[in-house]
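Overview (structure and organization)
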Amino acid sequence: MHKAQKEKLRDIFIGMRRCFKCGKRASLYLFQHRAAFCREHYLEWYLKRLDETIKEFGMFSREDRVLVAVSGGKDSLSLWDALKKLGYKADGFYIDLGIGEYSEKSRRLCEEFAKARGLKLHILHLGLEIATIPQIKSIEKRPACSYCGQLKRYYMNKLAKDKGYTVIATGHNLDDESATLFSNIINWNMEYLERQSPVLKGGEGFVRKVKPLFKFTEKENALYAFLSGIDFVEEECPFSEGANSIEYKKILSQLEERSPGTKLRFYMDFLRKCRPLLGAKEIDLRACQACGEPTIAELCSVCKLRQRLNSRILSS
Ligand code: AMP
Ligand code: FES
Ligand code: ZN
Ligand code: ZN
C-alpha cells in the first residue's frame, strides 16, 4: 500500500477503542456507524452487510452466474473477493482500454488477483474490438469518460450474454452513487434520475446490472482491500482529471465530515422517498441493425462510433 493511501486511512485507524464485538483493542473506527472493530470483526461486518444488501435489493442468488466487472481498483476487487468468500458464483471481466501504463498496471493486478485465487478472468482489448480510448479521443470532441462509459457498458452486456452470465456486478460505491445523484439533481437530469438505482432490471437484450457496494464508502472498501491483502491500482485514470464528479465528491465529503452518515442518508432517502414517485418511462427498444445489441435507433451508439472511426481512417 502506498504512503498516500495509508495517510488517507490513518484517521480511522485508532488504537484506543475496543472492538464492539470481541472487546479486543480496535484497529479502526467508523464514524458513520459509530462502531469500532478489530481486523477480524471488520471483515466479518463487511461481508454480512454486503450479503444483507444483496438480499434486501433482490440483486442475485447463489444460483446466479455473476460477472464482476473489475477495473483493478479497490472497490471492484474487494467486491469480487467478498462475493467468492460469501459463496457466490462470480467470474471477473476486465476491459483493457489501452490507456498506456495505467491500463497495463490495472490489467496485471486483475490477472494476479485471479491467478492467486484460482478464479476465472475474461479480458477484452478495446483496441482489438474497436479502438483504444486515446485513439477515440483523437477524433471525438466529447470528454473521454462519456464514450468510455458507453463502451464499457456495451461490452459488459455483450460478453455477459455471450457467455451466459445472468447478472453483471460493478464496484460503484456510496461516494460514486451519491455524487452521481448530486450531479443529476443539480442539473435536474430527470431521465438519469429515473434510472438511478442499485439494480437495473434485465430483459429486452439487457443483462441485469447491480451495484452491491452502493452502501459502502470508498474508505470502507479500501479498508476491506487493505485488511484482506488485496493489491489494487491507486492511480486515477489520466482522463478523469477535471471531471465534475470529483468536485461533487469533495462537497459531499465536507458535509459527511461535519455530519457523519449524510451520504448514506442522502442516497437511501432518494431511493425510499423520491424514486418511487418518478416512475420510469417505457423506452422503445429494438436490435441494432449492425450488431444486434438493444438500442433506440437503427444503429447503436457503439456502431455509430465505429462508423465515425472508419470514415476518419478512410479520409486520412
Ligand atoms: P469507474 O467508472 O471507473 O468509477 O468504475 C466503476 C465500476 O465500473 C468499477 O467498480 C468496475 O466495476 C467497472 N469498471 C471500471 N473500469 C473497468 C474496466 N476497465 N474493466 C471492467 N470493469 C470496469
Ligand atoms: Fe474511461 Fe478514464 S476510465 S476515460
Ligand atoms: Zn473484534
Ligand atoms: Zn450496434
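Coordination of the zinc ion (ligand 4) by the protein comes from Cys 288 (SG), Cys 291 (SG), Cys 300 (SG) and Cys 303 (SG), over a distance range of 2.2 to 2.4 Å. The coordination sphere of the zinc ion (ligand 4) comprises four donor atoms, whose angles at the metal cover 106 to 115°; the geometry is tetrahedral. Written as a sequence motif, the donor arrangement for the zinc ion (ligand 4) is C-x2-C-x8-C-x2-C. The exposure class of Cys 288 is buried, given its relative accessible area of 4%.

By the secondary structure assignment, Gly 23 is in the loop between α1 (3–10) and β1 (28–30). We classify Gly 23 as partly exposed; its relative accessible area is 35%. Sequence spacing of Gly 23 and Asp 176 is 153 residues, and the spatial spacing of their C-alpha atoms is 33 Å.

Further remarks concern the side chain of Arg 49. Summarising the element assignment, Arg 49 is placed in helix α2 (residues 39–56). No salt bridge forms around the buried Arg 49; measuring N to O, its nearest opposite-charge neighbour Glu 220 is 5.1 Å away. At 3.5 Å, the side chain of Arg 49 and the backbone oxygen of Lys 215 are in polar contact. Not counting chain neighbours up to four residues away, the residues in contact with Arg 49 comprise His 33, Lys 215, Phe 216 and Leu 264.

Here we take up the coordination of the zinc ion (ligand 3). The textbook angles at a metal center are 109.5 degrees for a tetrahedron of four donors and 90 or 180 degrees for an octahedron of six. Around the zinc ion (ligand 3), the protein supplies Cys 19 (SG), Cys 22 (SG), Cys 38 (SG) and His 41 (ND1) as donor atoms, at distances of 2.1 to 2.3 Å. Considering all four donor atoms around the zinc ion (ligand 3), angles at the metal cover 96 to 116° and the coordination shape is tetrahedral. Donor residues binding the zinc ion (ligand 3) come from one chain and are separated in sequence as C-x2-C-x15-C-x2-H.

Our focus in this paragraph is the nonpolar core. Core analysis: the largest hydrophobic core is formed by 52 residues, its most contacted members being Tyr 42, Leu 50, Phe 60, Trp 80 and Leu 83. Of the residues forming this core, the biggest block, seven residues, is contributed by α2. Once residues within four sequence positions are removed from consideration, Phe 60 is found in contact with Ile 54, Val 66, Leu 83, Tyr 88, Val 167, Arg 208, Val 210 and Pro 212.

Packing of α2 against helix α10 (residues 218–227) brings their axes to within 10 Å, and their N-to-C directions diverge by 125°. Looking at the two axes, α2 sits oblique to α10. In this structure, α2 crosses over α10, and the sense of that crossing is left-handed. Across the interface between the two elements, Arg 39, Tyr 42, Leu 43, Trp 45, Tyr 46 and Leu 47 from α2 touch Glu 220, Asn 221, Leu 223, Tyr 224 and Leu 227 from α10. Within the contact of α2 with α10, the residues separate by chemical class into eight nonpolar, one polar and two charged.

Two aromatic rings, taken as a pair, are described by how far apart their centres are and by the angle between their planes. Per the counting criterion, the structure on display carries 17 aromatic pairs. With a centroid separation of 4.3 Å and an interplanar angle of 35°, the aromatic rings of Tyr 46 and Phe 216 are classed as tilted. Remark: Phe 216 occurs in the loop between β8 (208–210) and α10 and Tyr 46 occurs in helix α2; sequence separation between them is 170 residues. Across the pair, exposure class does not vary: Tyr 46 and Phe 216 are buried alike. Taken together, Phe 20, Phe 37, Tyr 42, Trp 45, Tyr 46, Phe 216 and Tyr 224 form an aromatic cluster joined through their ring pairs. For the cation-ring pair, Arg 62 lies above Tyr 88, with the distance from its terminal atom to the ring centre recorded as 4.3 Å. Note that Arg 65 overlies the ring of Tyr 165, its terminal NZ or CZ placed 4.2 Å from the centroid.

Reading the values: rules and limits
- Residues numbered from 1 in each chain as written.
- Chains lettered and ligands numbered in written order.
- Predicted model: local features only at pLDDT ≥ 70, side-chain atom pairs only at ≥ 80, totals over all residues.
- Heavy atoms only, no water.
- Donors = N, O, S within 2.8 Å, 3.2 Å for Na, K, Ca; no water.
- Tetrahedral: all angles 85-135°; square planar, octahedral: opposite > 155°, others 65-115°.
- Buried < 20%, exposed > 50% of the residue type's maximum accessible area, 1.4 Å probe, protein only.
- Helix = DSSP H or I, 4+ residues; strand = E, 2+ residues; numbered from the N terminus.
- Lys, Arg positive; Asp, Glu negative; His and termini not counted.
- Salt bridge = Lys/Arg side-chain N within 4 Å of Asp/Glu carboxyl O.
- Polar contact = N/O pair within 3.5 Å; in protein donor to acceptor, adjacent residues only side chain to side chain.
- Contact = heavy atoms within 4.5 Å.
- Core = buried A, V, L, I, M, F, W, Y, C linked by side-chain atoms within 4.5 Å.
- Axes fitted to C-alpha atoms, helices over the stretch in contact; angles between N-to-C directions.
- Parallel < 35°, antiparallel > 145°, perpendicular 65-115°, else oblique.
- Left-handed = near helix turned anticlockwise from the far one by under 90°.
- Nonpolar A, V, L, I, M, F, W, Y, C, P; charged D, E, K, R; others polar.
- Phe/Tyr/Trp six-rings, centres within 6.5 Å; stacked < 30°, edge-to-face > 60°.
- Lys NZ or Arg CZ within 6 Å of the ring centre and 35° of its normal.

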